[in-house]
Each structure stands twice: as structure tokens, then as C-alpha cells.
Amino acid sequence: MEFQRHRGFSITIKLTTWLLLIATVSITPSHAVPRRGPYDEKPRYRNPITEIKYASPSCRAHVSSLTEFGGVGDGTTLNTDAFRSAVEHLSQYSSTGGGMLYVPAGKWLTGPFNLTSCFTLFLDKDATILATQDVNQWPLIDPLPSYGRGRDKPGGRYSSLIGGANITDVVITGDNGTIDGQGASWWQKFHKNQLKYTRGYLIELLYSDRILISNLTLVNSPAWNIHPVYSSNIVVSSKTILAPVHSPNTDGINPDSCSQVRIEDCYVVSGDDCVAIKSGWDQYGISYGMPSQHIVIRRLTCISPTSAVIALGSEMSGGIQDVRAEDITAINSESGVRIKTAPGRGAYVKDIYVRGMNLNTMKWAFWMTGNYKSHPDDKYDPNAMPEVTSISYSNVVATQVTTAARLEGIPNDAFTGICISNVTVGMAKSKKYAWTCTDVEGVSSDVSPQPCEPLQGKHEGSCPFPTESLPIDTVEFQQCSYTLP
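Below you will find a few notes about this structure. Computed from a predicted structure; not experimentally measured.

### What to know about the sheet that holds strand β8 (residues 113-114)
Right, so step 1: With parallel pairing, the four strands of this open sheet are ordered in space as β8-β13-β16-β18. Across the chains shown, the open sheet's two edge strands, defined by having one partner strand only, are β8 and β18 (226-229).
Right, so step 2: Relative to strand β13 (residues 162-165), β8 runs parallel, the two being bridged by two bridges. Bridged to N114 within β13 is G163.

### Some thoughts on the packing of aromatic side chains
Right, so step 1: Tallied over the full model, the rule gives 13 aromatic pairs.
Right, so step 2: For the pair Y158 and W186, a centre-to-centre distance of 5.3 Å together with 75 degrees between the ring planes defines the contact as edge-to-face. Here W186 lies in helix α2 (residues 184-191) and Y158 lies in strand β12 (residues 157-158), a separation of 28 residues in the sequence. With respect to class, Y158 is no different from W186; both count as buried.
Right, so step 3: Feature note: the residues W138, Y158, W186 and Y197 constitute an aromatic cluster, connected by ring pairs.
Right, so step 4: Directly above the ring of W281 sits R151, whose terminal nitrogen or CZ lies 4.1 Å from the centroid.
Right, so step 5: Geometry around Y348 places K350 over its ring, the cationic atom sitting 4.7 Å from the centre.

### What to know about α2
Right, so step 1: The complete set of buried residues in α2 reads S185, W186 and W187.
Right, so step 2: On the buried face of α2, the contacting elements are β12.
Right, so step 3: Of the residues flanking the end of α2, it is N193, one or two places downstream, whose phi is positive at about 55 degrees.

Scoring rules and cut-offs
- In this convention, every chain numbers its residues from 1, walking through the sequence in written order.
- The predicted origin of the model limits local features to residues at a pLDDT of at least 70 and limits the giving and counting of side-chain atom pairs to 80 or more, whereas totals for whole chains, interfaces and linings rest on all residues.
- Excluded from the side-chain calculations are hydrogens and water; all other atoms, namely the structure's heavy atoms, are used.
- We treat two strands as partners when DSSP finds at least two bridges between them.
- Counting from the N terminus, the helices are the DSSP runs of H or I reaching at least four residues and the strands are the DSSP runs of E reaching at least two.
- Pairing of aromatic side chains here covers Phe, Tyr and the six-membered ring of Trp, requires ring centres within 6.5 Å, and sorts the geometry by plane angle: under 30 degrees stacked, over 60 edge-to-face, intermediate tilted.
- Residue burial is assigned from relative accessible area. The probe radius is 1.4 Å, only protein chains are included, and a residue is buried under 20% of its type maximum, exposed over 50%, and partly exposed in between.
- Think of it as a cone above the ring: NZ of Lys or CZ of Arg counts as a charge over the ring if it is within 6 Å of the ring centre and within 35 degrees of the ring normal.
- Residue contacts are defined here by distance: any two heavy atoms, one from each residue, within 4.5 Å place the two residues in contact.

Spelled out as C-alpha cells, the structure:
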């Protein structure tokens with residue numbers, strides 16, 4: 001099912017450029033990068049009338065404010081029932097124009113709640129949704145079938161703050177409002193091994209279609225920030241995602257067994273990968289068999305001193321194919337693009353295209369790992385070997401790099417079809433061996449310093465990058481407006 005196309009009343013997503021920010025302490029909403037989203041023009045505030053504008057697959061016919069359902073934005077009153085009641089009320093309009101829940105200025109403490117179809121969650125510019133720190137308010141849910149257990153712990157997992165399953169036409173947006181996971185207490189419990197179950201995420205949508213997440217700031221998630229899984233036709237745009245750079249597993253955007261995904265104009269400071277593409281874990285992912293594919297990432301800015309700007313895996317047992325990344329900027333990050341896999345994962349990572357990266361102060365520009373040792377249990381098949389092939393990098397400039405590349409395939413299961421062209425890596429210190437390569441095969445052209453011998457096969461011109469657009473690239477949204485009394 002595709003988003004509606006509109007010509008006269010729609011806008012195409014535009015470029016957005018973010019200021020750079022280095023985060024080393026716990027983030028508060030005041031640290032958010034000021035931003036105007038490409039979808040929404042600046043709302044014009046007129047007293048006593050407020051006009052809001054938002055992009056959506058379809059404009060909503062019915063709008064309610066959280067205060068109509070008893071919401072109190074004082075930062076201490078728990079509003080879980082108000083959010084749930086509001087969504088339930090607006091769900092009745094899914095077939096008659098859809099509903100929008102407006103979250104006005106204030107600090108709205110809440111436990112997890114789920115969204116519904118044909119629905120928009122809109123946060124005022126001065127609105128903050130605060131996740132409760134009371135673990136007892138976070139319901140337990142089953143592990144994902146493609147994982148077989150929670151990611152942190154065996155068994156179930158805590159639900160995500162904002163969730164939903166089997167829903168269509170869903171928008172989470174605002175005028176740069178904030179969703180604050182208040183994750184510090186979760187990180188502390190995680191480090192002290194005091195949690196019995198896997199931490200919840202800020203946003204997780206399962207088995208869903210036609211999703212737009214835009215124009216918000218996410219801070220201090222307990223773990224991953226945005227996690228669409230088993231879903232399709234997803235746009236994540238104009239997001240600022242902030243977490244302390246040593247917070248555990250605070251990945252930015254993790255499409256998981258998803259297809260037709262567009263990630264653009266996002267700024268991420270993270271304690272883990274800024275973007276991580278996944279598709280299930282070992283035998284559970286192989287059995288479920290749902291790949292992540294047809295994914296576009298563009299105009300991403302990332303700061304992640306301990307992880308990757310873009311990671312593929314390590315949970316990739318349903319397969320990852322046709323990922324296109326361009327116009328990527330990284331500062332003080334561990335690696336530019338990292339492929340993570342291991343014996344037991346099975347499946348494939350192939351047809352990966354990256355061009356136009358500007359990397360500054362990196363440990364590695366390129367990193368491929370074939371010995372990532374994390375497994376869900378001891379029932380995985382060590383003979384289930386992943387296929388890693390057709391990987392292209394071009395037009396990359398990197399400065400202050402410790403090692404140009406660390407490329408480690410698997411013995412008797414080499415990573416093949418690697419192409420690297422027009423790449424200049426400025427080393428922080430001169431090294432005898434700037435490249436480390438084992439069990440890889442490929443070609444290169446115009447690469448400095450000279451790559452390792454397995455990549456010295458000659459290649460003319462730039463490495464491949466698809467010229468045809470994906471269907472998700474043609475999606476446009478209606479420009480909608482609503483006047484609040």
C-alpha cells in the first residue's frame with residue numbers, strides 16, 4: 001500500500017542542515033538543536049487562536065487536545081490514562097477522516113501508550129512528553145519472533161513509550177516538541193544488572209504501513225530511539241536525537257525487517273549506532289525470514305565516539321539488501337559504515353551503496369566484522385554462514401583517522417565484491433599499515449592511502465550507485481493545517 005500522491009496540495013521534502021553539537025553529559029531538551037522541519041512551515045501564532053501546520057498522508061478531520069481527557073502538563077501528574085483515552089476516542093474516526101491528538105505546551109509525564117490507524121500525534125513546540133521512571137508502569141510484552149528473546153535479557157521485554165501494531169497511516173510529528181525518555185535510571189540499572197527484562201524504546205511500531213516520523217527532538221531514550229519493525233513505507237525526517245555518548249544502546253534509528261524506508265535530514269548524538277539496519281537474530285531471524293531492504297539514508301549528521309554512523313547488523317539473519325546512503329557527515333565517531341555479522345547469522349548483506357561521506361576524527365573510516373560474537377542462545381547453527389557481497393563506497397573524505405579500514409571477513413566465507421573509489425583518508429598519525437584486511441576481496445581506484453592488497457584490483461571510474469529511484473523516494477505528503485481555539 002502506498003502513500004497518496006498529491007501534486008497541487010503537497011510538498012516535497014527539502015534539504016535541512018543542522019548545527020553540530022557534541023554531547024558528553026546527560027541531555028536535556030534545552031540542548032536540542034534549533035530546527036525547522038522541511039514538511040512544516042513555521043506555525044503563525046495569533047492570540048487567542050493557534051494555527052498549526054503538519055504534513056500527513058491525509059489531513060485529519062477530527063482534532064482533540066490532551067487536556068480534554070484530563071491531561072495535566074505539570075511534569076508530575078501521570079497522564080497515561082489521558083493519552084490512552086484520547087487515542088481510543090480518536091480511533092473511532094479512522095474511517096471518517098482520521099484523528100489528531102494535539103499535545104499543548106507543558107510537561108506531560110506518562111507511561112507507555114499505543115497509537116491507532118489514520119492518526120497524528122502532534123507536539124507543540126513547548127510540549128515535552130516525559131517517560132515515567134517507574135518501571136512498574138511499563139507493561140511487559142513478548143519478545144520479537146525474529147529475535148526469540150529480549151535484546152538485553154532472555155524472556156520478554158518492556159513495551160516502548162509510544163507504540164502500535166498493525167496500524168496504517170500514522171504520523172508522529174510536531175513543531176519541534178520533545179519526547180524525553182528520562183533514561184538515566186534505566187542506564188544505571190542496566191549497568192548494575194538490576195533489570196530482569198529488556199529495556200523499552202521511545203518509539204516502536206510493528207506490522208505497520210505508511211509511517212511518518214518528523215520534526216521532533218528525542219532525548220535520553222532508555223535504549224533504542226526509533227524502531228520500526230516488520231513494517232513498510234516509512235519516512236523519518238528532520239529528527240534531532242540526543243543521548244550522552246556513553247549511554248548504553250541508545251541507537252538513533254533502527255529499521256528492523258522493514259522495506260521502503262527513507263531516513264533524511266536527521267541529526268543524531270548517540271551512545272551507540274546513529275542508524276542501524278537489522279533483520280533478526282540467528283536461527284530466529286533465519287526462520288522468520290523477513291529482510292530489511294530498499295532503504296535510503298541521506299543528509300545524516302552523526303556523533304558517536306563508540307559506535308558507527310551507519311551499521312548493518314549485527315542482527316541481520318533475515319537479510320539486508322539495497323541500502324543507499326549519501327551525503328553523510330560524521331564527527332568524533334568510531335566508524336563510518338560498519339557491517340557486523342558472524343557464523344550463525346546466515347542470510348546476507350548485499351547491494352550496499354554509499355557515496356559522499358565527510359568523516360572527521362574517526363577510529364576507522366570503514367569497518368567490516370565477521371566475528372561479532374553476540375548470540376541469543378546456544379541453539380544457533382555455527383554453519384549458517386552469512387553472505388556479504390556487492391559493497392560500494394565512493395566519494396569519501398576523512399580526516400584525523402586512526403586506521404583507514406579494518407575489514408575482517410570470515411575464513412572460508414570471504415566478503416566479496418567490495419568496491420572503493422575516490423577516497424582520501426587523512427591519518428591522525430603515520431602508520432606502516434593504514435589498512436587491515438583479512439578474508440575480503442574487491443577492487444579500488446583513486447584511494448589514498450593505498451588499500452590493502454586484496455582490494456588492489458583495478459576499477460575504472462566510480463563504484464556503482466543506483467540511478468533509479470525507489471518508490472519511497474516519490475512519496476509526497478499533504479500540507480495540512482488546523483486552527484485551535
